[in-house]
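Listed here are the chains, written in short residue letters.
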Amino acid sequence: MATLLVCIATPLLGGEITSVDYSDLAGHLPGLVDFEDFATLPEPGQIVQGLLTFPGLTIGAQLHGQSLRAVDGFDVLDGQLSLPARASMGGKHAAIAVAYHAGFGSNAAFPLGPDGFEKRSGRGEGALALVFEGGTSAFAIKLHADYADPLGTRPAPGTVTLTFYDPTGARIAQHDLHPAHGVNEIGLLITPPAKAVTLTHHDPGGIAVDDIRYSLDSLGS
């Protein structure tokens, strides 16, 4: 398993984000999105149009009220979300494609960037926005930034940024991740609980995500 190098930015408004072991945290989080309900297809897989809804969670391309723009082939999010916090497509038809991913050994999601599904340069270059029905005090995700590089001849993958928002729309914290080649496991404790999280990145090779974990307190779990 690859090692994840994490740089934690200064939290905002007294919020706190703490890194913990993914496996330890995952066992306590009943919410799971693993994309295994989709057909198992080789890359490029299938495009998934519209918002994705799961128990206690909605996934889109941005938060409602934000603007989505293209910078150097990546999706960038600007502006303040509108209340109540909710996921939006931002004019896109699809936020992700789902395909069998050799690095994970299972289905995974590829955020779709400005070049879209039809081009290799568009698969894995997009932004994601996740909105939790009742908020979550813990969040875990597996991220694949690039395939293993045993010879060490390729540059490290680019920065991945997670931004957490509370129910008032204020930013709790911004968390910059510096992933290694291969599968990276991210586990985070969030204080106060997050209502939403956005994911953006600048990795030239594109990213894939899998096994998203979160709490389901509002659903009585």
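To keep things clear, this report deals only with the structure shown in the data block.

What follows covers the overall build of the protein chain. Within the protein chain, the regular secondary structure consists of 1 helix and 17 strands. Classification of the 221 residues of the protein chain by burial places 52% in the buried group. Long-range contacts, defined here as pairs at least 24 residues apart, represent 75% of the contacts in the protein chain between residues at least 6 apart. If you sum the accessible surface of the protein chain, you get close to 9600 Å²; carbon and sulfur atoms cover 54% of it.

A word on the nonpolar core. The biggest cluster of nonpolar side chains holds 37 residues, and the ones touching the most others in it are I96, L130, F139, F164, L199 and I212. Mapped onto this core, the elements with two or more residues apiece are β6 (57-60), β11 (94-101), β13 (128-144), β14 (160-165), β15 (171-178), β16 (183-201) and β17 (208-214). When sequence neighbours within four positions are dropped, the list of residues in contact with L199 reads G126, A127, L128, I141, L143, V160, T161, L162, I207 and V209.

Further remarks concern the packing of aromatic side chains. Enumeration over the complete set of coordinates arrives at 4 aromatic pairs. Where F35 meets F38, the ring centres are 6.4 Å apart and the plane angle is 35 degrees; that geometry is what we call tilted. Where F139 meets F164, the ring centres are 6.2 Å apart and the plane angle is 80 degrees; that geometry is what we call edge-to-face. A residue pair is termed long-range when its members are at least 10 positions apart, and F139 in strand β13 and F164 in strand β14 qualify at 25 residues. Note on accessibility: F139 and F164 belong to one class, buried.

Before going further, it helps to spend a moment on the layout of surface pockets. Gaps between atoms show up when a probe of the same size as a water molecule is rolled over them. Considered as a void within the structure, the largest pocket measures approximately 200 Å³ in volume. Forming the walls of the largest pocket are 14 residues, and the residues nearest its centre are L77, T163, Y165, R171 and Q174. Residues of the lining of the largest pocket, tallied by class, amount to 3 nonpolar, 9 polar and 2 charged.

Let's shift gears to the pairing of strand β9 (residues 74-78). β9 sits mainly inside the fold: 4 of its 5 residues count as buried. Direction of pairing for strand β8 (residues 67-71) relative to β9: antiparallel, over a ladder of 5 bridges. Paired with R69 across the strands is V76, a residue of β9. Here β8 folds back onto β9 in antiparallel fashion, the turn holding 2 residues, of which D72 has a positive phi close to 55 degrees.

What follows concerns empty space enclosed by the protein. Summed over all chains, the structure comprises 1 cavity of 30 Å³ or more. Quantified by volume, the largest cavity comes out at close to 40 Å³. For the largest cavity, the full set of lining residues is E43, P44, A99, F110, R120 and R123. In terms of residue class, the lining of the largest cavity is made up of 3 nonpolar, no polar and 3 charged.

Turning next to unusual backbone geometry. Here the bond from L83 into P84 is cis, since omega is -5 degrees, no more than 30 degrees from zero. By the secondary structure assignment, P84 is in the loop between β9 and β10 (87-88). In this chain, T191 is followed by P192 through a cis amide linkage whose omega measures -5 degrees. Considering the arrangement of structural elements, one finds P192 in strand β16. With a phi angle near 65 degrees, F35 is a residue other than glycine that sits in the positive phi range. Among the secondary structure elements, F35 is positioned in the loop between β3 (31-33) and β4 (46-49). Look at D72: it is not a glycine, yet its phi comes out positive at around 55 degrees. Among the structural elements, D72 can be located in the loop between β8 and β9.

What counts, and where the lines are drawn
- Residues numbered from 1 in each chain as written.
- Predicted model: local features only at pLDDT ≥ 70, side-chain atom pairs only at ≥ 80, totals over all residues.
- Heavy atoms only, no water.
- Helix = DSSP H or I, 4+ residues; strand = E, 2+ residues; numbered from the N terminus.
- Buried < 20%, exposed > 50% of the residue type's maximum accessible area, 1.4 Å probe, protein only.
- Contact = heavy atoms within 4.5 Å.
- Areas by Shrake-Rupley, 256 points an atom, 1.4 Å probe, with all protein chains shown as cover.
- Core = buried A, V, L, I, M, F, W, Y, C linked by side-chain atoms within 4.5 Å.
- Phe/Tyr/Trp six-rings, centres within 6.5 Å; stacked < 30°, edge-to-face > 60°.
- 1 Å grid on protein atoms, 1.4 Å probe; cavity = no way out; pocket = protein on both sides within 12 Å on 5 of 7 lines; lining within 4 Å.
- Points joined across faces, edges and corners; volume = space filled by probe spheres on them.
- Nonpolar A, V, L, I, M, F, W, Y, C, P; charged D, E, K, R; others polar.
- Pairing = 2+ DSSP bridges.

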